[in-house]
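# Structural characterization, general
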Amino acid sequence: MGEITLREGGSCPSSPAIKKVFRLVVVGSAQAGKSAIVNRFLNNEFEERYIPTIENFHRKLYKIRGELFQLDIVDCSGNDPFPAARKLTYSSGDMFLIVGAVDQEESIPRMLEISKQIAECKMTRQGVSSHSIPILYVVNKVDLPRTRWQIDYDEVCNLVGAIANSSNSICQCSALTSTNIESVFGRIFAMAKLPKFMNPELHKALRNELSADGLLEETKKKKILQRMRSRFSREDDEIYTDMNARRPSLRTDLLMNRAKTAASRTRRVSSVDDKRCTIS
């Protein structure tokens with residue numbers, strides 16, 4: 001599968017209609033490395049300078065077997081300058097990365113506070129329970145020497161586990177060294193049940209298997225290549241990074257939120273009707 005960066009135009013050339021749009025919201029304390037994690041995932045780059053984020057918007061388009069899937073990434077400010085707009089972002093998000101850092105003790109309670117805010121928005125506007133929201137807690141900057149760590153990772157795991165009822169809802173990474181970056185996005189994609197071909201970890205596993213030690217038999221290599229093509233890609237399949245994508249307007253987000261709220265209510269009504277019709 002080829003990967004292309006779109007620098008002119010805002011969509012995949014000669015593309016079909018978009019089948020599904022997914023929105024990932026990345027949020028957390030200031031200077032926790034949110035933008036660095038996103039930049040490492042999208043461009044495999046790391047910016048040494050710290051540039052405060054107001055809000056960044058990114059888009060990837062996955063053209064798979066003639067169908068187009070869109071991933072929008074909203075990289076939020078750590079200072080929360082517009083609370084009302086932030087709540088709308090939470091409501092329109094499909095999955096969330098909540099980022100803290102090992103050298104910022106205050107970023108951990110902030111992660112838990114943000115999680116509560118997301119749950120309240122989803123429950124109030126869409127009737128979604130907190131345990132059904134795909135949230136991954138990410139502790140960044142694990143490349144730093146232990147003398148600079150201000151947190152105990154095991155304690156953080158216990159705190160998150162008590163809220164999420166799962167020990168699989170937290171992971172550590174380093175945007176600087178690219179440690180676990182693919183795992184972070186692979187796990188949140190899996191939690192949100194995105195199509196498998198969008199998961200970077202699956203592609204990485206097959207690539208590693210293909211280039212394991214140079215001792216694989218030629219027939220085995222051919223079988224692995226066939227698996228890669230049959231599962232994830234064809235010659236005309238591509239991934240597009242749209243560098244000129246613009247953040248949808250607040251009106252668009254409001255309409256999106258209304259649609260999700262209506263769909264959620266429909267599912268709840270249908271579920272109630274099914275229970276009423278059950279004869280035991």
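Presented here is an overview of the structure given in this document. (Residues numbered from 1 in each chain as written. Predicted model: local features only at pLDDT ≥ 70, side-chain atom pairs only at ≥ 80, totals over all residues. Heavy atoms only, no water.)

### Some words on the overall build of the protein chain
Broken down by element type, the protein chain carries 8 helices and 8 strands. Buried residues in the protein chain amount to 43% of all 280 residues. Considering only residue pairs separated by 6 or more positions, the protein chain has 73% of its internal contacts joining residues 24 or more positions apart. Counting every atom, the protein chain has about 15,500 Å² of accessible surface; 50% of that belongs to carbon and sulfur. (Helix = DSSP H or I, 4+ residues; strand = E, 2+ residues; numbered from the N terminus. Buried < 20%, exposed > 50% of the residue type's maximum accessible area, 1.4 Å probe, protein only. Contact = heavy atoms within 4.5 Å. Areas by Shrake-Rupley, 256 points an atom, 1.4 Å probe, with all protein chains shown as cover.)

### Concerning the pattern of salt bridges
If you walk through the whole model with that rule in mind, you get 6 salt bridges. Between lysine 19 and glutamate 67 there is a salt bridge, with the nearest N and O atoms lying 3.2 Å from each other. Of this pair, lysine 19 sits in strand β2 (residues 18–28) while glutamate 67 sits in strand β4 (residues 67–76), and the two are 48 residues apart along the sequence. Residue glutamate 113 pairs with arginine 110 through a salt bridge whose shortest N-O separation is 3.2 Å. Highlighted residues: glutamate 113 and arginine 110, both in helix α3 (residues 107–126), separated by 3 residues, approximately one helical turn. The exposure class of arginine 110 is buried, given its relative accessible area of 15%. (Salt bridge = Lys/Arg side-chain N within 4 Å of Asp/Glu carboxyl O.)

### Quick look at the pairing of β2
Note: β2 against β4, 8 bridges, orientation parallel. Paired with lysine 20 across the strands is phenylalanine 69, a residue of β4. Of the strand pairs in this sheet, β2 and strand β5 (residues 95–101) are connected by 5 bridges, and their pairing is parallel. From the neighbouring strand, leucine 24 faces β5, where its bridge partner is methionine 95. (Pairing = 2+ DSSP bridges.)

### Some remarks on the packing of helix α1 (residues 34–43) against helix α5 (residues 181–191)
Working note: a packed helix pair is described by the angle between its axes plus the distance between those axes. Between α1 and α5, whose axes approach to 9 Å, the crossing angle comes to 90 degrees. Considering their axes alone, α1 and α5 lie roughly perpendicular with respect to each other. Of α5, the residues touching α1 (which contributes Ile37, Val38, Arg40 and Phe41) are Ile181, Phe185 and Phe189. (Axes fitted to C-alpha atoms, helices over the stretch in contact; angles between N-to-C directions. Parallel < 35°, antiparallel > 145°, perpendicular 65-115°, else oblique.)

### Here's the deal with the packing of helix α2 (residues 83–92) against α3
The N-to-C vectors of α2 and α3 enclose an angle of 70 degrees; their axes lie 9 Å apart at closest approach. The orientation of α2 relative to α3 falls into the category roughly perpendicular. Where α2 approaches α3, its residues Lys87, Leu88, Tyr90 and Ser91 are matched on the opposing element by Ile114, Gln117, Ile118, Cys121, Lys122, Arg125 and Gln126. Here the residues of the contact of α2 with α3 sort into 5 nonpolar, 3 polar and 3 charged. (Nonpolar A, V, L, I, M, F, W, Y, C, P; charged D, E, K, R; others polar.)

### Some words on the environment of isoleucine 163
In this structure, isoleucine 163 sits in helix α4 (residues 153–164). Assessed through its relative accessible area of 34%, isoleucine 163 is described here as partly exposed. The contact partners of isoleucine 163, leaving out residues within four places of it in the chain, are Leu112, Ser115, His131 and Tyr137.

### Some remarks on unusual backbone geometry
Phi is positive for lysine 141, close to 70 degrees, though the residue is something other than glycine. Looking at where lysine 141 falls in the secondary structure, it is placed in the loop between β6 (135–140) and α4. One non-glycine residue, lysine 193, lies in positive phi territory at about 60 degrees.

### Here's the deal with the packing of aromatic side chains
One pass over the full model with this rule turns up 5 aromatic pairs. Pairing phenylalanine 41 with phenylalanine 189 gives two aromatic rings, centres 6.2 Å apart and planes at 85 degrees, and the pair type is edge-to-face. With a gap of 148 residues between them, phenylalanine 41 in helix α1 and phenylalanine 189 in helix α5 connect regions that are remote in the sequence. Judged on exposure class, the residue phenylalanine 41 and its partner phenylalanine 189 are both buried. (Phe/Tyr/Trp six-rings, centres within 6.5 Å; stacked < 30°, edge-to-face > 60°.)

### Brief notes about the side chain of serine 169
Looking at the element boundaries, serine 169 is found in the loop between α4 and β7 (170–172). Judged by its relative accessible area of 7%, serine 169 falls in the buried class.

The analysis is restricted to geometry; functional conclusions fall outside its scope.
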